[in-house]
Amino acid sequence: MPSATPLTQLDAIDVEILNLLQAEGRLSNVELAQRVHLSPSACLRRVKALEEAGVIARYVALLNPRSLGRHGTSYTIINLESTQPRRLEAFEQAVRDQPAILDCFYVAGTNDYLVRFMYRDAADLERFHAEVLPRLPGVVRSNSMLVLRTVKQTTALPLDDLEG
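This one's a predicted model, so the numbers in the text were calculated from it and none came from an experiment. (Residues numbered from 1 in each chain as written. Predicted model: local features only at pLDDT ≥ 70, side-chain atom pairs only at ≥ 80, totals over all residues. Heavy atoms only, no water.)

**Q** What is the right way to read the overall build of the chain from this model?
**A** Tallying secondary structure elements over the chain gives 5 helices and 4 strands in all. If you list the helices and strands of the chain from N to C, you get α-α-α-β-α-β-β-α-β. Computed over its C-alpha atoms, the radius of gyration of the chain comes to 20 Å, more than 25% above the 15 Å expected for a compact globule of 164 residues. Oriented by its inertia axes, the alpha-carbon framework of the chain measures out at about 55 × 40 × 25 Å. Out of the 164 residues belonging to the chain, those deemed buried represent 28%. For the chain, long-range pairs separated by at least 24 residues make up 66% of all intrachain contacts whose partners lie at least 6 apart in sequence. Entry remark: accessible area of the chain is about 11400 Å², with carbon and sulfur atoms responsible for 53%. Here the chain contributes 18 positive and 20 negative side-chain charges, whose respective centroids are spaced 5 Å apart. (Helix = DSSP H or I, 4+ residues; strand = E, 2+ residues; numbered from the N terminus. Rg over C-alpha atoms; globule rule 2.2 N^0.38 Å. Buried < 20%, exposed > 50% of the residue type's maximum accessible area, 1.4 Å probe, protein only. Contact = heavy atoms within 4.5 Å. Areas by Shrake-Rupley, 256 points an atom, 1.4 Å probe, with all protein chains shown as cover. Lys, Arg positive; Asp, Glu negative; His and termini not counted. Charge placed at Lys NZ, Arg CZ, Asp CG, Glu CD.)

**Q** Is there a simple way to think about the packing of helix H1 (residues 12-23) against helix H2 (residues 29-36) in this case?
**A** Describing two packed helices takes the angle between their axes plus the distance from one axis to the other. Look at H1 against H2: their axes get within 10 Å of each other, and the N-to-C directions meet at 130°. Taken together, the axes of H1 and H2 lie oblique to each other. As for how H1 packs across H2, the hand of that crossing is right-handed. Residues Ile13, Glu16, Ile17, Leu20 and Leu21 of H1 pack against Leu32, Arg35 and Val36 of H2. Among the residues forming the contact of H1 with H2, the class breakdown is 6 nonpolar, no polar and 2 charged. (Axes fitted to C-alpha atoms, helices over the stretch in contact; angles between N-to-C directions. Parallel < 35°, antiparallel > 145°, perpendicular 65-115°, else oblique. Left-handed = near helix turned anticlockwise from the far one by under 90°. Nonpolar A, V, L, I, M, F, W, Y, C, P; charged D, E, K, R; others polar.)

**Q** Got a minute to help me understand the side chain of Asn79 in this structure?
**A** The residue Asn79 is located in strand S1 (residues 72-80) in this model. If we skip the residues at most four places from it in the chain, Asn79 touches Thr110, Asn111, Asp112, Gly138, Val139, Val140 and Arg141.

**Q** Sorry, what's going on with the sheet that holds strand S2 (residues 101-106) here?
**A** Pairing between sheet strands relies on hydrogen bonds along the backbone, with the strands arranged either parallel or antiparallel. Here 4 strands make up an open sheet; going across it, the order is S2-S3-S1-S4 and the pairing antiparallel. Each having just a single partner strand, S2 and strand S4 (139-146) make up the two edges of the open sheet. The sheet shows a mean angle of 20° between the axes of neighbouring strands, taken without regard to direction. With 7 bridges joining them, S1 and strand S3 (residues 113-119) adopt antiparallel strand pairing. Paired with Thr76 across the two strands is Val115, which belongs to S3. Contacts from helix H4 (residues 85-96) reach S1, S2, S3 and S4 within the one sheet, and its direction differs from that of S2 by about 160°. The strands touched by helix H5 (residues 122-132) are S1, S2, S3 and S4; relative to S3, the strand with the most contacts, the crossing angle is about 145°. (Pairing = 2+ DSSP bridges.)

Below, the structure written as structure tokens:
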């Protein structure tokens with residue numbers, strides 16, 4: 001498994017490779033090399049180094065939720081009865097085991113977790129609140145916010161400040 005240790009230096013070509021792969025992950029090595037003005041072998045060496053360093057964590061396909069019938073997004077704030085380590089571990093394992101939950105963040109402040117769920121319709125949202133959330137260990141309170149419109153959404157990290 002790649003390490004999570006950051007590279008000490010990324011040059012302009014590394015940053016451009018990362019920007020291009022974030023925008024178009026299916027670029028062939030030949031096309032990527034042409035765009036960054038390297039030979040294919042030199043480009044491949046750089047990509048492999050970025051992968052081995054853990055900078056490139058993985059490659060994925062981003063799906064269009066609406067085309068698959070997921071028309072709504074819910075962000076739910078969750079409070080647990082206790083934040084003892086055993087309780088947190090049990091909750092987090094249950095979340096990992098629940099495919100309906102897309103993201104889960106342990107947060108600072110007056111709340112404990114923030115989860116994201118995408119739903120088909122009101123019945124699907126109700127099922128999530130009636131069947132999924134109450135089965136998560138230690139949940140005493142939840143408060144959901146429904147997204148009305150997405151103003152900005154990206155998976156690309158800004159890299160302008162990394163050239164060194």
